[in-house]
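Listed here are the chains, written in short residue letters.
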Amino acid sequence: GAISGPAVACGMTTASYSIASVFGATSYAWTVPSGMTVATGAGTDSITVTIGPSFVTGQVKVSAVNACGNIPGVELTVVGRAPNTPVSLSGPTNICGLATATYTVPSVLGASRYFWTLPAGMTINGAAGGNSINVNISGYTTGNISVVSHDTCGNSLPRTLILTAVAVQPGAITGPTSICGVTTASYSVVALSGSYTYNWSLTLTGWSITSGQGTNSITVSGPATGTSSSGLVRVSATNTCGSTSALRTMAVTYCHDGIAMNNTETNSNTFSNIYPNPATSEFTIDVTSDVDKDVTVEVYDVLGNLVINSKHQLVAGTNTMKTNIEEFKNGMYFVRLLDVDSNVIHSQTVIKQ
């Protein structure tokens, strides 16, 4: 027959369970769930159990036994206390731009249902009492989502997930960190997930954004001459919720100081382009001059350091000047020719590779 005794043992430390005597039975085999221990009456038709603090829920079972075997017993489901707090709560935390989202907790032992608490701007779509819900999002500004597990004895402590609509900071900026000898450059960041507007700015004197503002990639342009200096390329991101991220920055040097850009000729001269360019070991410039004269070849690195200073004697007619750069690091160099009065009579860039 049925087991008699409390099915709801909330807050109890002991309880008694019994069955009506079974004809022909010589003993009774009781089974109790984890957290419950048989204190007295083992082998009889009535037992007293001790209920420990770890007991949540389980089945008390009994079988009647005699010399021929035992008869499969009946069982009684007993609830001892409120269920445990869900161990985790998963789902998207940054919900800006989302129309729906799903949130889930692992099933909790003994829980008969789950109660969810949502912030303003969220509503449950469909069933509400399970351990997983789908929500509609409309007009969310702030607040968190939480859930408790429930049984006859009450609710667990809540498990909470912090929600946000804060814009995500862009990743590292890619692009040249030195823009010497050029007048345009491009910078970009990896596009963020979701809908974002990218806000670019420069602290590079004389430089401006020519295209791409609002996107994750821009082109900038600057003057051919100016003072060598440094500055920042900066970008933040604004999401559809109106939140703007922290700035991501990149330090950039620029050195348009006339080293390779100012061509002032004091005599009638004809200069060939540097060849080969790029160069691996040396480069050549052909010069046609109308008079005999001395010139100086200067080579600067991108930081403005003078790395070569060599004098050449030109004769009236065509002259070939070679400059060895075999030991230099690969990169861009600025070449200029000066007359005896240190006037720049020709300038050009060369790539060492």
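Read on for an overview of the structure.

Analysis parameters
Residues numbered from 1 in each chain as written. Predicted model: local features only at pLDDT ≥ 70, side-chain atom pairs only at ≥ 80, totals over all residues. Heavy atoms only, no water. Helix = DSSP H or I, 4+ residues; strand = E, 2+ residues; numbered from the N terminus. Buried < 20%, exposed > 50% of the residue type's maximum accessible area, 1.4 Å probe, protein only. Areas by Shrake-Rupley, 256 points an atom, 1.4 Å probe, with all protein chains shown as cover. Lys, Arg positive; Asp, Glu negative; His and termini not counted. Charge placed at Lys NZ, Arg CZ, Asp CG, Glu CD. Pairing = 2+ DSSP bridges. Axes fitted to C-alpha atoms, helices over the stretch in contact; angles between N-to-C directions. Disulfide = S-S within 2.5 Å. Polar contact = N/O pair within 3.5 Å; in protein donor to acceptor, adjacent residues only side chain to side chain. Contact = heavy atoms within 4.5 Å.

### Observations regarding the overall build of the protein
Of regular secondary structure, the protein possesses zero helices and 26 strands. Overall size of the protein, expressed as C-alpha extent along the three principal axes, is 135 × 45 × 25 Å. Across the 353 residues in the protein, those meeting the buried criterion constitute 37%. Summing over all exposed atoms, the protein offers an accessible surface of approximately 17,400 Å²; the carbon and sulfur share of this is 52%. In the protein, 12 side chains carry a positive charge and 16 a negative one; their mean positions are 19 Å apart.

### Examining the sheet that holds strand β16 (residues 208–211)
With respect to topology, three strands assemble into an open sheet ordered β14-β17-β16, the strand pairing being antiparallel. The open sheet has two edge strands, β14 (184–188) and β16, and neither has a second partner. Between one strand axis and the next, the sheet turns through 40° on average, direction left out of account. For β16 and strand β17 (residues 217–221), the ladder comprises three bridges, and the chain directions are antiparallel. Its bridge partner lying in β17, S208 is registered against S221.

### Regarding the state of the cysteines
Inspection of the entire model under this criterion finds two disulfides. Each sulfur of the disulfide joining C10 and C153 lies 1.8 Å from the other. Here the S-S torsion is close to -90°, and the disulfide linking C10 with C153 is therefore left-handed. You can see C10 sitting in the segment before β1 (14–18) and its partner C153 sitting in the loop between β11 (145–151) and β12 (154–155), a full 143 residues away along the chain. For C10, a relative accessible area of 32% puts it in the partly exposed group. Look at C153 and you get partly exposed, because its relative accessible area is 22%. Covalent S-S linkage joins C96 and C241, the inter-sulfur distance amounting to 2.2 Å.

### Observations concerning the sheet that holds strand β5 (residues 57–66)
Taken in spatial order, the three strands of this open sheet run β2-β5-β6, and their pairing is antiparallel. The sheet is open, and its two edges are formed by β2 (27–31) and β6 (69–79), each paired on a single side. The sheet shows a mean angle of 20° between the axes of neighbouring strands, direction not considered. The sheet contact formed by β2 and β5 spans five bridges and is antiparallel. Across the sheet, S27 pairs through a bridge with V65, a residue of β5.

### Regarding the side chain of S63
Secondary-structure assignment places S63 in strand β5. A polar contact is formed between the side chain of S63 and the backbone oxygen of I71, at a distance of 3.4 Å. Side-chain polar atoms of S63 contact the backbone nitrogen of G73, separated by 3.1 Å. Excluding residues that lie within four positions of it along the chain, S63 makes contacts with S27, Y28, A29, N70, I71, P72 and G73.

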